[in-house]
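# Structural overview
Chain by chain, the residues:
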Amino acid sequence: MSVDALDAKIVRFFTDSPRASVLEASRILAVARATVQARLDRMTATGIIGAWVPQPDPAKFGFPVVAFCSLTINQDVGHDAVAAALAAIPEIIEVHTVSGSSDLMARLAARSNPDLQRVLDAMIATRTVTRASSVIVLNTHFEGRTLNLLEAAATAS
């Protein structure tokens with residue numbers, strides 16, 4: 001699915017003003033309301049826009065420690081079973097199957113360093129993870145930069 005400059009402008013607008021209406025977007029972007037709505041519908045239907053949800057910041061509600069964990073899994077149970085077991089631990093924000101020396105990469109949040117140890121222990125206690133190696137995030141410079149990538153794709157087409 002390709003995107004063009006107008007698609008990128010629409011996504012940028014709603015990223016910067018997530019509570020704005022389609023009518024407001026059409027006025028500011030000088031495009032018909034139906035055009036904005038049709039493009040949003042198309043980008044949502046094709047998965048270019050994955051979700052219209054708030055992105056809570058864990059640090060703001062008591063989980064200031066963020067870590068990335070390389071996980072080695074019990075190969076007998078398979079990736080889907082491991083993911084299901086890990087999904088039951090609310091501090092785990094995301095899990096990805098990866099290439100390299102580990103099987104999965106997880107991002108998680110914790111209340112403190114000792115709480116991080118509790119979360120790591122909870123992962124091991126599922127009996128689906130055999131080893132967890134973590135690195136603690138000291139500072140986040142940026143994240144979620146998919147909008148810049150979308151804009152670059154729009155100018156390349």
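Residues numbered from 1 in each chain as written. Predicted model: local features only at pLDDT ≥ 70, side-chain atom pairs only at ≥ 80, totals over all residues. Heavy atoms only, no water.

Turning our eyes to something else, we now look at the domain arrangement of the protein. With domains assigned, the protein is organised as domain 1 (5–54) and domain 2 (58–137). Just the C-alpha atoms count here: the centres of domain 1 and domain 2 sit 34 Å apart. (Domains from an automatic or database assignment.)

On to the packing of aromatic side chains. Evaluated as defined, the whole model comprises three aromatic pairs. Pairing Phe-13 with Phe-14 gives two aromatic rings, centres 5.1 Å apart and planes at 85 degrees, and the pair type is edge-to-face. Of the two residues, Phe-13 and Phe-14, neither departs from the other in class, the shared state being buried. A ring pair is formed by Phe-14 and Trp-52, whose centres lie 5.6 Å apart and whose planes are at 80 degrees; its orientation type is edge-to-face. Placement of the pair is Phe-14 in helix H1 (residues 5–16) and Trp-52 in the loop between helix H3 (33–45) and strand E1 (65–73), with a sequence separation of 38 residues. On the accessibility criterion, Trp-52 (47% relative accessible area) is partly exposed. Chaining the aromatic ring pairs together yields one cluster made of Phe-13, Phe-14 and Trp-52. Just above the ring of Phe-142 sits the side chain of Arg-145; from NZ or CZ to the centre is 4.5 Å. (Phe/Tyr/Trp six-rings, centres within 6.5 Å; stacked < 30°, edge-to-face > 60°. Buried < 20%, exposed > 50% of the residue type's maximum accessible area, 1.4 Å probe, protein only. Helix = DSSP H or I, 4+ residues; strand = E, 2+ residues; numbered from the N terminus. Lys NZ or Arg CZ within 6 Å of the ring centre and 35° of its normal.)

All right, on to unusual backbone geometry then. With phi around 60 degrees, Ala-30 is a residue other than glycine that occupies positive phi space. Tracing the chain through its elements places Ala-30 in the loop between helix H2 (22–29) and H3. Unusually for a residue other than glycine, Arg-127 sits at a positive phi of about 65 degrees. The residue Arg-127 is located in the loop between helix H5 (113–125) and strand E4 (129–136) in this model. Taking relative accessible area as the criterion, Arg-127 reaches 64% and is therefore assigned exposed.

The contact between H1 and helix H6 (residues 146–156) brings their axes to 8 Å, and the two run at 160 degrees. Looking at the two axes, H1 sits roughly antiparallel to H6. For the element pair H1 and H6, the recorded crossing hand is left-handed. Two secondary-structure elements touch here, H1 through Ala-5, Ala-8, Val-11, Arg-12 and Thr-15 and H6 through Leu-147, Asn-148, Leu-150, Glu-151 and Ala-154. For the contact of H1 with H6, the class distribution of residues is six nonpolar, two polar and two charged. (Axes fitted to C-alpha atoms, helices over the stretch in contact; angles between N-to-C directions. Parallel < 35°, antiparallel > 145°, perpendicular 65-115°, else oblique. Left-handed = near helix turned anticlockwise from the far one by under 90°. Contact = heavy atoms within 4.5 Å. Nonpolar A, V, L, I, M, F, W, Y, C, P; charged D, E, K, R; others polar.)

Mapped onto the elements of the fold, Gln-117 is located in helix H5. Residue classification places Gln-117 among the partly exposed positions, given a relative accessible area of 42%.

On to the sheet that holds E4. One open sheet accounts for four strands, arranged E2-E3-E1-E4; its pairing is antiparallel. A single partner strand is all that each edge strand has here, and the edge strands are strand E2 (92–97) and E4. In this sheet, adjacent strand axes meet at a mean angle of 25 degrees when their direction is disregarded. In this sheet, strand E3 (residues 104–110) lies alongside E1 in antiparallel orientation, the contact comprising seven bridges. Paired with Ala-67 across the strands is Leu-108, a residue of E3. (Pairing = 2+ DSSP bridges.)

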